[in-house]
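Coordinates in review
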Amino acid sequence: MGTRDESGALPIVELLGVEAAVLTDPEQKRAAQVVFLTLRPDPEHSFRSFSFPLSLQQAVRLRDDLNRVIKQSQASNANP
């Protein structure tokens, strides 16, 4: 899944930003609305960041999945 650190733990990725944008092809004949996620995969050891474009459909799916996981986590923390 990822590179583990010296203790064997996976590093936690740092979310640097989320931005809406429009991607066009080189000839600018087509355009697509996207959402860019900018992440720093190993914030403890590197300032290097990566940006990933998601389609609006995939961004909505990510939002819904994150909301579901957060609600489940909050519910399990409220009922130990």
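Note that the structure is predicted; figures quoted are calculated from it, not measured.

Assigned secondary structure in the protein chain consists of 1 helix and 3 strands. The C-alpha atoms of the protein chain give 17 Å as radius of gyration, which overshoots the globular expectation for 80 residues (12 Å, by more than 25%). Sorting the 80 residues of the protein chain into buried and exposed places 8% on the buried side. Taking all contacts inside the protein chain whose residues are at least 6 apart in sequence as the whole, residues at least 24 apart take part in 22%. Accessible surface computed for the protein chain: about 6,900 Å², of which carbon and sulfur atoms make up 55%. The centroid of the 9 positive side-chain charges in the protein chain is displaced by 8 Å from the centroid of its 10 negative side-chain charges.

Time to look at the layout of surface pockets. By volume, the second largest pocket is sized at about 180 Å³. Every residue along the wall of the second largest pocket is listed here: Val-13, Glu-14, Leu-15, Val-18, Val-35, Leu-37, Leu-39, Leu-54, Ala-59, Leu-62, Arg-63 and Leu-66. The dominant element in the lining of the second largest pocket, judged by the number of residues it contributes, is helix H1 (residues 56-78), at 4 residues. Split by residue class, the lining of the second largest pocket holds 10 nonpolar, no polar and 2 charged.

Turning our attention to the sheet that holds strand S1 (residues 14-24). The strand order across the open sheet built from 3 strands is S1-S2-S3, with neighbouring strands paired in antiparallel fashion. Each of the sheet's edge strands pairs with one partner strand only, and the pair in question is S1 and strand S3 (50-55). With direction set aside, neighbouring strand axes in the sheet form an average angle of 25 degrees. Contacts from H1 reach strand S2 (31-40) and S3, with the element oriented near 100 degrees to S3.

Now for the pairing of S1. Where S1 meets S2, 10 bridges bridge the pair, whose relative direction is antiparallel. Across the sheet, residue Val-22 finds its bridge partner in S2, namely Gln-33. Between the antiparallel neighbours S1 and S2 lie 6 residues, among them Gln-28 with a positive phi of about 55 degrees.

The next point concerns a nonpolar patch on the surface. Residues Leu-62, Leu-66 and Ile-70 make up a contiguous nonpolar surface patch of roughly 250 Å² in combined accessible area. When you line up the elements, Leu-62 lands in helix H1.

The rules behind each value
- Residues numbered from 1 in each chain as written.
- Predicted model: local features only at pLDDT ≥ 70, side-chain atom pairs only at ≥ 80, totals over all residues.
- Heavy atoms only, no water.
- Helix = DSSP H or I, 4+ residues; strand = E, 2+ residues; numbered from the N terminus.
- Rg over C-alpha atoms; globule rule 2.2 N^0.38 Å.
- Buried < 20%, exposed > 50% of the residue type's maximum accessible area, 1.4 Å probe, protein only.
- Contact = heavy atoms within 4.5 Å.
- Areas by Shrake-Rupley, 256 points an atom, 1.4 Å probe, with all protein chains shown as cover.
- Lys, Arg positive; Asp, Glu negative; His and termini not counted.
- Charge placed at Lys NZ, Arg CZ, Asp CG, Glu CD.
- 1 Å grid on protein atoms, 1.4 Å probe; cavity = no way out; pocket = protein on both sides within 12 Å on 5 of 7 lines; lining within 4 Å.
- Points joined across faces, edges and corners; volume = space filled by probe spheres on them.
- Nonpolar A, V, L, I, M, F, W, Y, C, P; charged D, E, K, R; others polar.
- Pairing = 2+ DSSP bridges.
- Axes fitted to C-alpha atoms, helices over the stretch in contact; angles between N-to-C directions.
- Patch = residues over 30% accessible without salt bridge, like charges linked within 9 Å, V, L, I, M, F, W, Y side chains within 5 Å.
- Salt bridge = Lys/Arg side-chain N within 4 Å of Asp/Glu carboxyl O.

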